[in-house]
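Inside the fold
Here is how the chains run, residue by residue.
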There are 2 protein chains.
Amino acid sequence: MSFEKNVRRVEPYVAGEQPGDKDIIKLNTNECPYPPSPEVLKAAGELSLERLRLYPDMNARKLVDALARYCQVPSSRIFAGVGSDDVLSLAFMTFFNSDKPVLFPDVTYSFYEVWARLHGISYELCPLDESFRIRKEDYLRPNGGIIFPNPNAPTGILESADTIEEIVRENPDSVVIIDEAYIDFGGRSVMELTDRYENLLVVQTFSKSRSLAGMRIGFAVGSEKLIGYLKDVKFSFNSYTLNLPSIELGAAAVSDDAYFRETVNKIIRTRRRAARELSGLGFSLTDSMGNFLFASHETVPASELFAALRSSGIYVRYWNRPRIDNCLRITVGTDGQMDRLVEFLKKYLSDRRKKND
Amino acid sequence: MSFEKNVRRVEPYVAGEQPGDKDIIKLNTNECPYPPSPEVLKAAGELSLERLRLYPDMNARKLVDALARYCQVPSSRIFAGVGSDDVLSLAFMTFFNSDKPVLFPDVTYSFYEVWARLHGISYELCPLDESFRIRKEDYLRPNGGIIFPNPNAPTGILESADTIEEIVRENPDSVVIIDEAYIDFGGRSVMELTDRYENLLVVQTFSKSRSLAGMRIGFAVGSEKLIGYLKDVKFSFNSYTLNLPSIELGAAAVSDDAYFRETVNKIIRTRRRAARELSGLGFSLTDSMGNFLFASHETVPASELFAALRSSGIYVRYWNRPRIDNCLRITVGTDGQMDRLVEFLKKYLSDRRKKND
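Residues numbered from 1 in each chain as written. Chains lettered and ligands numbered in written order. Predicted model: local features only at pLDDT ≥ 70, side-chain atom pairs only at ≥ 80, totals over all residues. Heavy atoms only, no water.

1. Details of the interface of chain B and chain A
The interface of chain B with chain A comprises 82 residues on the first partner and 81 residues on the second. By the criterion of area lost to chain A, the three top residues of chain B are B:Phe3, B:Arg53 and B:Tyr55, representing 11% of everything that side buries. Between the two partners, chain B and chain A, sit two salt bridges. In this structure, the salt-bridge partner of B:Glu4 is A:Lys225, at a minimum N-O distance of 3.1 Å. In this structure, the connection of chain B to chain A is made through 42 residue pairs in polar contact (both at pLDDT 80 or more). Broken down by secondary-structure element, the contributors of at least two residues to the side of chain B that touches chain A are helix H1 (38-45), helix H2 (49-52), helix H4 (83-95), helix H5 (111-118), helix H7 (224-237) and helix H8 (244-255) of chain B. Here the element with the most residues in the side of chain B that touches chain A is H7(B); it accounts for eight residues. Across the side of chain B that touches chain A, the residue classes tally to 47 nonpolar, 20 polar and 15 charged. (Contact = heavy atoms within 4.5 Å. Buried area = accessible area lost by both parts, 1.4 Å probe. Salt bridge = Lys/Arg side-chain N within 4 Å of Asp/Glu carboxyl O. Polar contact = N/O pair within 3.5 Å; in protein donor to acceptor, adjacent residues only side chain to side chain. Helix = DSSP H or I, 4+ residues; strand = E, 2+ residues; numbered from the N terminus. Nonpolar A, V, L, I, M, F, W, Y, C, P; charged D, E, K, R; others polar.)

Below is the structure:
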């Protein structure tokens, strides 16, 4: 049989490991260490069998309305999807159809390159400066679209709203997408700029600050025009994507603002403390505004630390890629988890020093 | 601003209406009139908040294993997705990359054309014969892939396993996809042929016979090779699609085989009875093996009946398209719902005759 000659061949993405073992300290995929709001469990208990037999509301109105209230924009300016990956991939497909290249940083979320290739979009990587900051001028030239996360991943570095506004303002011919997956951990969303700039799309996720990675919910805020285009493309090839539990549990999560703020604040406090302690062990860290730290040690290679941590049951993330191959990305877990991480590293580094003496 | 010149413009698909009004008799989108298994509600109540904070198992193992037992194949031969639309669109992208056209019937599920265009795949429509049957010889010529539903939609006509096997056997250079969305209502799946034919992919959905349209779950059965390619492409651009409730509630639905059979049998009985009664009112019907009837009246245009039914709160489906513009697709509801449909039509047709006398 030769049907295989027409099969699309790809390089599969390697996601962070999802170990089954409960004793593992899992600091490798930026999940929230705290459970979602109790309101979410309540909503799960209230799911109706009668409604499960029906197609879900294709506009996910209950979730979209909850988000509209949260974002203080009309519902017509919100688009919800199956995780921010779904929303972002659709946005690439919808907005990036120029002959000019789409621009994004060289060190950033690795799926941007994947989606650009998937949708046949030409792109150019803009090197971050030596301290991993965006060079604004890179984005002030002809392009077919712009996307970057703020704060950036995996560096955690936050760019100012002024920088972003200038990039958006100076690119009236492009759609600018700001991926705010990690904005809730100390940054301030630029979603209010979507009131004034029709070409700005802000994307967020429920997987991090809302503790709902297991639900796959993401959303975009933009001008009515941009959101309308996204919907048109989405409905043209798949009417029903968000299932009923996503709509119901997602809306419940948004409704519990107090819980959300409490969770986020706990993570910010733990991040500060862990950063201080790692710093004391000889790590240099970026000023991460995400729910993760980005750290490299003054003497010990990241690849070695990654392997040592892993064999002791502490999973963090390491990429063997240019510019970041001496860095670890460490999700901020609970205080207890971070204590165990720090304890292990303290002992490992000290044992290593003794051995080398 | 001119960012709009790079926006992808599409013709949005018009899905069957989803009226909010509870008094509507909704026979327009082929949902199941019976709720899902009580096991599904139990699984919803047992969802754990702790697990919702984590990314779902990207292999959806619990669901895939349940399906593997049901289909009597190894788990490596099952692929699960967000509804069969998601699975089918991915299969188009993965398997239909030839210079030769993909073949499918002229009267069939309208999304095939949509996905072909979306993924830039050339295609040719093969006209069904005058009784809406597939002409086998249309599919025995060079092509870049083959897809059709069995039973077909919206006609409900079932082709034999022998016809399908011949098409699969005679096309070793193409992947053949059989879309079995409606197979459980009286047909027999060809999934056992996937043991012998590496180029056959069989796709099914939880939206019809498993009463879970609201969950968005679909799956494919095929050779280990085909399923492997599907997974590679899927993981290359979106690791996590099925959320935790889909995995848990989906597995629960598959586990309750007795309930599934009972539901399906009720629908088959109601379909037979309703077909007989509509026939008595002057309708001619295909021998539908789906959970719907496909009917045209001897004297009254379908468009007129569609509008009359609609204004009385009974929603059915009508397409103003060549060859089927005098047909109604009527989902098989409960006996009570079908009684109300028949009663209304009886009175409408009788009133109309009187008026015209």
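From this point, the discussion proceeds with the structure in view.
2. As for the sheet that holds strand S12 (residues 328-331) of chain A
Residues and elements named next belong to chain A. Ordered in space as S9-S10-S12, the three strands form an open sheet in which the pairing is antiparallel. Every other strand in the sheet has two partners, leaving strand S9 (283-285) and S12 as the edge strands with one partner each. Direction aside, the axes of adjacent strands within the sheet are offset by 40° on average. Across four bridges, strand S10 (residues 292-297) lies against S12 in antiparallel orientation. The residue of S12 that forms the bridge with Phe 294 is Arg 329. (Pairing = 2+ DSSP bridges. Axes fitted to C-alpha atoms, helices over the stretch in contact; angles between N-to-C directions.)

3. A closer look at the nonpolar core
If you look at the biggest cluster of nonpolar residues, it comprises 62 residues, and the most contacted ones within it are A:Phe95, A:Leu201, B:Phe95 and B:Leu201. What B:Leu201 contacts, discounting residues up to four positions off in sequence, is B:Ala91, B:Phe95, B:Val176, B:Ile177, B:Ile178, B:Ala220, B:Val221, B:Gly222, B:Leu226, B:Ile227 and B:Leu230. (Core = buried A, V, L, I, M, F, W, Y, C linked by side-chain atoms within 4.5 Å. Buried < 20%, exposed > 50% of the residue type's maximum accessible area, 1.4 Å probe, protein only.)

4. Details of the packing of aromatic side chains
Counted by the stated rule, this structure contains 36 aromatic pairs over all chains. When the centroid spacing of 6.1 Å and the interplanar angle of 70° are considered together, the rings of B:Tyr109 and B:Trp115 count as edge-to-face. Taken together, the ring pairs in this structure connect A:Phe92, A:Phe96, A:Phe104, A:Tyr109, A:Phe111, A:Tyr112, A:Trp115 and A:Tyr123 into an aromatic cluster. A cation over an aromatic ring shows up here: B:Arg210 above the ring of B:Phe206, its NZ or CZ 5.6 Å from the ring centre. Directly above the ring of B:Tyr34 sits B:Lys266, whose terminal nitrogen or CZ lies 3.9 Å from the centroid. (Phe/Tyr/Trp six-rings, centres within 6.5 Å; stacked < 30°, edge-to-face > 60°. Lys NZ or Arg CZ within 6 Å of the ring centre and 35° of its normal.)

5. Re the pairing of strand S5 (residues 145-149) of chain A
Residues and elements named next belong to chain A. Where burial is concerned, most of S5 is hidden: five out of the five residues are buried. Both faces of S5 are covered, namely the face carrying Gly 145, Ile 147 and Pro 149 and the face carrying Ile 146 and Phe 148. Two strands pair when backbone bridges link them, and strand S3 (residues 102-105) and S5 are joined in this way by two bridges, in the parallel orientation. What sits directly across from Leu 103, in S5, is Ile 146. In terms of strand pairing, S5 meets strand S6 (residues 176-179) through four bridges, oriented parallel. Bridge pairing links Ile 146 to Val 176 in S6. Regarding topology, helix H6 (residues 161-169) serves as the crossover connection from S5 to the parallel S6, and that connection is right-handed. (Right-handed = clockwise from strand over helix to strand, strands pointing away.)

6. Details of the pairing of strand S2 (residues 78-81) of chain A
All names here are of chain A. Side-chain alternation along S2 places Ile 78 and Ala 80 on one buried face and Phe 79 and Gly 81 on a second face that is also buried. Sheet analysis places S2 next to strand S8 (residues 218-222), joined by four bridges and oriented antiparallel. Across the sheet, Gly 81 pairs through a bridge with Gly 218, a residue of S8.

7. What about helix H5 (residues 111-118) of chain A?
Residue and element names in this part refer to chain A. The complete set of buried residues in H5 reads Phe 111, Tyr 112, Trp 115, Ala 116 and Leu 118. For H5, the arc enclosing every buried residue in end-on projection is 165°, short of the 170-degree limit, so these residues lie on one face. Two residues or fewer past H5, Gly 120 is found with a positive phi of approximately 65°. (Arc of directions from axis to C-beta.)

8. Digging into the relation of the copies chain B and chain A
What relates the two chain copies is a rotation about an axis together with a slide along it. By a simple turn and slide, chain B fits onto chain A: the slide is 0.0 Å along the axis, the RMSD is 0.0 Å, and the turn is 180°. Both copies are brought into coincidence by an operation consistent with a two-fold rotation axis. Among all residues of chain B, the one whose C-alpha sits closest to the rotation axis is B:Gly45, at a distance of 2.5 Å. Most of the interface of chain B is mirrored in chain A, where 99% of its interface residues again form contacts. (Least-squares fit on C-alpha atoms with pLDDT ≥ 70 in both.)

9. Here we look at helix H10 (residues 302-311) of chain B
All names here are of chain B. Where H10 is concerned, the buried positions are Ala 302, Leu 305, Ala 308 and Leu 309. Across the axial projection of H10, the buried residues extend over an arc of 125°, all falling on one side. Those residues of H10 that are buried are in contact with strand S9 (283-285), strand S10 (292-297), strand S11 (314-315), strand S12 (317-318), strand S13 (328-331) and helix H11 (335-356). Once H10 finishes, Gly 313 follows within two positions and takes phi at roughly 85°, a positive value.

10. What to know about the side chain of A:Lys208
For A:Lys208, the location among the structural elements is in the loop between strand S7 (200-205) and S8. Buried A:Lys208, no salt bridge; nearest opposite-charge side chain is A:Glu31, N-O distance 7.4 Å. Setting aside chain neighbours within four positions, we find A:Lys208 in contact with A:Thr29, A:Asn30, A:Cys32, A:Ala181, A:Tyr182, A:Phe185, A:Asn291 and B:Tyr55. (Lys, Arg positive; Asp, Glu negative; His and termini not counted.)

11. Thoughts on the pattern of salt bridges
All names here are of chain A. The tally for this structure, following the rule as stated, stands at 47 salt bridges over all chains. For Arg 323, the salt bridge identified is with Asp 106, shortest N-O distance 2.8 Å. Of this pair, Arg 323 sits in the loop between strand S11 (314-315) and S12 while Asp 106 sits in the loop between S3 and H5; the two residues are 217 residues apart in sequence, bridging distant segments of the chain. Taken together, the shared-partner salt bridges in this structure form one network comprising Arg 273, Glu 277, Asp 335 and Asp 339.

12. Thoughts on the sheet that holds S8(A)
Residues and elements named next belong to chain A. Spatial strand order, S2-S8-S7-S6-S5-S3-S4: seven strands in an open sheet with mixed pairing. Each of the sheet's edge strands pairs with one partner strand only, and the pair in question is S2 and strand S4 (123-126). Averaged over all pairs of adjacent strands, the angle between strand axes in this sheet comes to 20°, irrespective of strand direction. As paired strands, S6 and S7 are joined by four bridges and run parallel to one another. Residue pairing for S7: Val 176 is matched across the bridge by Leu 200.

13. Notes on the packing of H1(B) against H8(B)
All names here are of chain B. One can describe the packing of H1 onto H8 by two numbers: an axis separation of 8 Å at closest approach and a directional angle of 150°. By the angle between their axes, H1 is roughly antiparallel relative to H8. Once H1 is placed against H8, the crossing between them reads as right-handed. Here H1 contributes Glu 39, Val 40, Ala 43 and Ala 44 to the contact with H8, which in turn contributes Glu 248, Leu 249, Ala 252, Ala 253 and Ser 255. Class assignment of the residues belonging to the contact of H1 with H8 gives a composition of six nonpolar, one polar and two charged. (Parallel < 35°, antiparallel > 145°, perpendicular 65-115°, else oblique. Left-handed = near helix turned anticlockwise from the far one by under 90°.)

14. Details of unusual backbone geometry
With an omega of -5°, the peptide bond running from A:Asn150 to A:Pro151 counts as cis. Of note, A:Pro151 is situated in the loop between S5 and H6. Cis geometry marks the peptide bond from B:Ala153 to B:Pro154, where omega comes out at 5°. Considering the arrangement of structural elements, one finds B:Pro154 in the loop between strand S5 (146-149) and helix H6 (161-169). Its identity is not glycine, yet A:Asn30 carries a phi of approximately 55°, on the positive side. Even without glycine at this site, B:Gln72 takes up a positive phi of about 55°. With respect to the element layout, B:Gln72 can be found in the loop between helix H3 (61-71) and strand S2 (78-81).

So far we have only geometry, and geometry alone does not tell us how the molecule works.
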